[in-house]
Amino acid sequence: ITQINGTYLVLNSNTSIYYVSTLGNDSSSGNLSSAPKQSIQSAISGAIPPAAIFIAVGEYSVDSAVPTSINLVDKVSLYGGYSLDFLSRNLNIY
């Protein structure tokens, strides 16, 4: 048995992972950290549940039709605070 210390995520093997960054592009599928989506809502809309969406640091705008909200979907989880390269996550700030 190996002891693991720290904060970590446990995802099912069938969980789809998507990435969002202010440097991304919504025409991307978002399933590669090197080609993230640009908007959170686009990632949610394109996600196939069960899914986890990793969100890099930054300020994100929302669709002007729904000015201050994001429509969540069942079995799609959001995880913020990732660095722009998605290699680290700062839980103390986010």
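Above: the structure in question.
Reading the values: rules and limits
- Residues numbered from 1 in each chain as written.
- Predicted model: local features only at pLDDT ≥ 70, side-chain atom pairs only at ≥ 80, totals over all residues.
- Heavy atoms only, no water.
- Helix = DSSP H or I, 4+ residues; strand = E, 2+ residues; numbered from the N terminus.
- Buried < 20%, exposed > 50% of the residue type's maximum accessible area, 1.4 Å probe, protein only.
- Contact = heavy atoms within 4.5 Å.
- Pairing = 2+ DSSP bridges.
- Axes fitted to C-alpha atoms, helices over the stretch in contact; angles between N-to-C directions.
- Core = buried A, V, L, I, M, F, W, Y, C linked by side-chain atoms within 4.5 Å.
- Polar contact = N/O pair within 3.5 Å; in protein donor to acceptor, adjacent residues only side chain to side chain.

Caption draft 1: Region of interest: the overall build of the protein chain. Scanning the protein chain for helices and strands turns up one helix and three strands. Start at the N end of the protein chain and walk to the C end: the helices and strands fall as β-α-β-β. For the protein chain, the residues scored as buried account for 30% of the 94 residues in total. By sequence separation, contacts in the protein chain at least 24 residues apart represent 58% of the contacts at least 6 residues apart.

Caption draft 2: A look at the sheet that holds strand 1 (residues 16-20). Taking strand neighbours across the sheet as the criterion, the three strands line up as 1-2-3 in an open arrangement whose pairing is parallel. In the strand order of this sheet, the two ends are held by strand 1 and strand 3 (76-82), each with one partner. Neighbouring strand axes in the sheet, compared pairwise and without regard to direction, differ in orientation by 20° on average. Two strands pair when backbone bridges link them, and strand 1 and strand 2 (residues 51-56) are joined in this way by five bridges, in the parallel orientation. Within strand 2, the residue paired with Ser16 across the bridge is Ala51.

Caption draft 3: Focus on the nonpolar core. If you look at the biggest cluster of nonpolar residues, it comprises ten residues: Tyr18, Val20, Ile40, Ala43, Ile44, Ala47, Ala51, Ile53, Ile55 and Val76. At the level of secondary structure, the elements contributing two or more residues to this core comprise strand 1, helix 1 (40-46) and strand 2. Formed by seven residues, the second largest nonpolar core is a distinct cluster that contains Ala52, Ala56, Tyr79 and Phe86.

Caption draft 4: Examining the side chain of Ser39 more closely. Within the secondary structure, Ser39 sits in the loop between strand 1 and helix 1. On the basis of relative accessibility, which here comes to 18%, the residue Ser39 falls in the buried class. Looking at Ser39, its side chain comes within polar contact range of the side chain of Asp26, at 2.8 Å. Non-local contacts of Ser39, meaning those with residues more than four positions away in its chain, are made with Val20 and Asp26.

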